[in-house]
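Summary of the model geometry
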Amino acid sequence: MPRSFEATMSSIPATERSNLLAEEGDGKDYERREPQNKEKLCKFLGIGLACFLLLSMLICAIHNEPSLPTNTATTTITTSGKNIDGQKNNGLSTASTSDGTNHTFPSSFLFGSATSSYQVEGATHEDGRGMTIWDTFCYEGGHVLKNESADVACDHYHRYRDDVKLMKSLNLQAYRLSIAWTRILPNGYGGNVNQAGIKFYNRLIDTLIEHNIEPWITLYHWDLPQQLEDDVGGWLDHSGNSVVVDAFGEYARICFREFGDRVKHWITLNEPWTVAVHGYNDGVKAPGRSQMGATETYIAAHNQLLAHGKAASIYKHEFAREQKGKIGMSNSADFRYPLTDSKDDRDAAERAMLFQFGWFMEPVIRGDYPDVMRKRLGDRLPKFTKDQRYQLLGSCDFFGINTYSSALASKPDSESVWSGYWQDMFVTTSVDPSWDKNFMGWPTVPDATRELLLWISKRYNYPLLYITENGTAEDEEDVKTAQQDEGRRRFFEGHLRACAAAIEAGVHLAGYFAWSFMDNFEWEYGYQRRFGICFVDFETQQRTPKRSALWYSKVIATGGQNIAR
Ligand code: GBH
């Protein structure tokens, strides 16, 4: 990794520190493991001056309370938000993403595509699958456009073989799928494993491997077992007894045990931000709550983080050594440029980043929420116990980034009288009129992806990153329009160039997953928004690769050496 010596010396990432710690012991007893590490380090102290210096750093780091890397400023944001169209110099030494420069990717770079269980599988009442909060949310009516549900969706449950063949024909090297918790454990709890569910995912995983496509598995992509919602309020977990966290741990353990011989990349949660904010503050996604956003949002996030920590710790202590896989989490990250160069606006942009991405990153990197969240929320922000902090610290071998959009951030004129997540964040967003907007109404800003990757890398000391989702929706009701999806093709071209530029600037980005492999059930938008690189005719279930898919397959064929127009 092209990291300067000074940077290496100035701080050892907390993840590395705690990975070091996690190599020993059971992951709970931090105190007990410490001396063993010291011994281990001491053995090497004689080797030479360079090693001596580095190792002293490690020892210092181990002895310190977890703390943020030294670089905590938004140093990558060098201009006002106005100057970001990629044609002008934005103050970075990397090549512009839209200047036609032929960026390349390292040969090991992984190109894939992604979906999620509820969005594509269908067959919601088949083979013993239990109900989820998304089934309920759809059936209730009034939440999803046209009151659609994912009962059929892309019928991937029955068509997965053809889908995998299509992936192969598009040169995809990896497929990120999610497992439906209630196909494995119909009521969410352990003890009652549904063998039909195990068989389905075995067949899917085996088919992928036969086609030389790496399966990447997300354990939770929003389809929470309804029984857990009924019993303890789902992620709010009123039990006071970590019922949901324990159930998730048990479910994860079953997945590692059944599939871990072939699956080498696990993602515990998909976008806990979206679940917390859209599910408990804005009420637009299941379970559709919004009355108590000022507290419930943070509780739902907290319990998801604990569930992640639990599953990651189970993997690291019971499976990783033998199965030799990696585990991480996928988080939402939409870059915020400061509207102006004023300190207020720069602080607002940073606050927005920390209230979205830092909220879930910092517990893993340093064992606690961002300071600015603690400052603004006080006691409304849940606290981690010491054990929970150490379970979370270093729990990610890699970080999944889901990125779609961007905005300009500024400081609002006054504090709101209302309370909730957005008021807590205290940021006004706006858009640059030169930006493109997609069919969701989201600005699509390729250069923001490079800025995002640099911001994360500088702030958190160059962790291993994968873009686990990036994509766009176009207005394409029929297959003919979809086959000419120049907008989406241009989106991928711009974003891939931005990724390559970020790598050139030192970002440790190892792979990219286009969202989504095919048009699917787009949550509260039902089938009315299409994110696929393959068009799906929902009447006939016919799949047709769009222009963007064919273009992407060519990029992959050249190993990313040629991002042609
Ligand atoms: C992802 O979520 C999901 O993982 C996936 O299932 C879904 O199909 C896909 O994206 C497309 O929607 O400007 O502050 O309002 C979307 C996550 C997070 C993207 C918030 C847009 C805008 C944040 N979204 N983001 S804000």
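Before going into details, it helps to say that this report is about the structure given with it. Since the structure is predicted, the reported quantities are computational estimates derived from the model, not experimental observations.

**Some thoughts on the site of the ligand**
Looking at the ligand, there are 17 residues lining it, with Q119, H221, E469, E522 and W523 nearest. For the ligand, an oxygen atom lies 2.9 Å from a polar atom in the side chain of R336. Starting from 580 Å² of accessible surface for the ligand in isolation, the protein chains cover 87%. Most atoms of the ligand, that is more than half of them, are within 2 Å of grid points of the largest pocket. Its residues assigned to classes, the shell around the ligand shows eight nonpolar, four polar and five charged.

**What about the nonpolar core?**
Ranked by size, the top nonpolar core spans 143 residues in total, and within it W134, F259, W266, W359 and Y552 carry the most contacts. Non-local contacts of W359, meaning those with residues more than four positions away in its chain, are made with W273, A276, V277, T297, Y298, A301, L305, L354, Y369, P370, M373 and Y421. Counting 14 residues, the second largest nonpolar core, distinct from the first, contains A174, M440, Y466 and A473.

**Examining the pattern of salt bridges**
Summed over all chains, the structure comprises 35 salt bridges. Put simply, D206 and R262 hold a salt bridge, and the shortest N to O gap is 2.8 Å. Note that D206 is positioned in helix 9 (residues 195–210) and R262 in the loop between helix 11 (243–259) and strand 4 (265–270), a separation of 56 residues in sequence. D206 sits in the partly exposed class, given a relative accessible area of 33%. K343 is the partner of D347 in a salt bridge, and the nearest nitrogen-oxygen pair spans 2.6 Å. Of this pair, D347 and K343 both sit in helix 14 (residues 343–366), four residues apart, which is roughly one turn of that helix. Overall, the relative accessible area of 53% leaves K343 in the exposed class. The network of salt bridges with common partners includes D436, E486, R489, R490, E493, R497 and R547.

**Some words on the side chain of R129**
Take R129: it is sitting in the loop between helix 5 (117–120) and helix 6 (133–140). Within the local environment of R129, its side chain forms a polar contact with the side chain of D135, the two groups lying 3.1 Å apart. Not counting chain neighbours up to four residues away, the residues in contact with R129 comprise Y118, A123, T124, D135, T182, R183 and N194.

**Remarks on the pairing of strand 13 (residues 509–515)**
Here strand 13 lies mainly inside the structure; seven of its seven residues are buried. With three bridges joining them, strand 12 (residues 465–470) and strand 13 adopt parallel strand pairing. Bridging across to strand 13, L465 finds its partner in L509.

**A few points about the layout of surface pockets**
Estimated volume of the largest pocket: approximately 770 Å³. What lines the largest pocket is a set of 38 residues, and nearest its centre among them are W273, H278, D334, Q356 and W442. Elements represented by at least two residues in the lining of the largest pocket include exactly helix 12 (272–280), helix 14, strand 8 (406–410), helix 17 (421–425) and strand 9 (428–430). By residue class, the composition of the lining of the largest pocket is 18 nonpolar, twelve polar and eight charged.

**What to know about the sheet that holds strand 3 (residues 214–220)**
Spatial ordering of the closed barrel is given by 1-2-3-4-5-7-12-13, a layout of eight strands whose pairing is parallel. Taking each pair of neighbouring strands and ignoring which way they run, the sheet shows an average axis angle of 25°. Bridge count between strand 5 (residues 326–332) and strand 7 (residues 398–402): five bridges; the pairing is parallel. Of the residues in strand 7, the one forming a bridge with N331 is I401. Along the sheet face, helix 20 (residues 486–504) touches strand 1 (110–114), strand 12 and strand 13 and points at about 170° away from the line of strand 13.

**Brief notes about the packing of aromatic side chains**
For any two aromatic rings, the description comes down to two numbers: the centre-to-centre distance and the angle of the planes. Evaluated as defined, the whole model comprises 51 aromatic pairs. Between F105 and F109 the ring centres are 4.4 Å apart and the planes differ by 40°, which places this aromatic pair in the tilted class. By the burial criterion, F105 is buried, and F109 matches it. Between Y527 and F538 the ring centres are 4.7 Å apart and the planes differ by 50°, which places this aromatic pair in the tilted class. Highlighted residues: Y527 in the loop between strand 13 and strand 14 (534–537) and F538 in the loop between strand 14 and strand 15 (542–545), separated in sequence by eleven residues. Using a relative accessible area of 22% as the deciding quantity, one classes F538 as partly exposed. Above the plane of the ring of F200 lies R183, whose end atom (NZ or CZ) is 6.0 Å from the centre.

**Details of the sheet that holds strand 9**
Within a sheet, each strand pairs with its neighbour through backbone hydrogen bonds, oriented either parallel or antiparallel. With respect to topology, three strands assemble into an open sheet ordered 6-8-9, the strand pairing being mixed. Bordering the open sheet on either side are strand 6 (335–338) and strand 9, each of which pairs with just one other strand. Taken pair by pair, the neighbouring strands of this sheet meet at an average axis angle of 45°, ignoring direction. The pairing of strand 8 with strand 9 spans three bridges and is classified as antiparallel. Opposite A409, over in strand 9, you have T429 as the bridge partner. Along the sheet face, helix 18 (residues 446–459) touches strand 6 and strand 8 and points at about 95° away from the line of strand 6.

Quick notes on the rules
Residues numbered from 1 in each chain as written. Predicted model: local features only at pLDDT ≥ 70, side-chain atom pairs only at ≥ 80, totals over all residues. Heavy atoms only, no water. Near = heavy atom within 4 Å. Polar contact = N/O pair within 3.5 Å; in protein donor to acceptor, adjacent residues only side chain to side chain. Areas by Shrake-Rupley, 256 points an atom, 1.4 Å probe, with all protein chains shown as cover. 1 Å grid on protein atoms, 1.4 Å probe; cavity = no way out; pocket = protein on both sides within 12 Å on 5 of 7 lines; lining within 4 Å. Sits in = over half its atoms within 2 Å of the grid points. Nonpolar A, V, L, I, M, F, W, Y, C, P; charged D, E, K, R; others polar. Core = buried A, V, L, I, M, F, W, Y, C linked by side-chain atoms within 4.5 Å. Buried < 20%, exposed > 50% of the residue type's maximum accessible area, 1.4 Å probe, protein only. Contact = heavy atoms within 4.5 Å. Salt bridge = Lys/Arg side-chain N within 4 Å of Asp/Glu carboxyl O. Helix = DSSP H or I, 4+ residues; strand = E, 2+ residues; numbered from the N terminus. Pairing = 2+ DSSP bridges. Points joined across faces, edges and corners; volume = space filled by probe spheres on them. Axes fitted to C-alpha atoms, helices over the stretch in contact; angles between N-to-C directions. Phe/Tyr/Trp six-rings, centres within 6.5 Å; stacked < 30°, edge-to-face > 60°. Lys NZ or Arg CZ within 6 Å of the ring centre and 35° of its normal.

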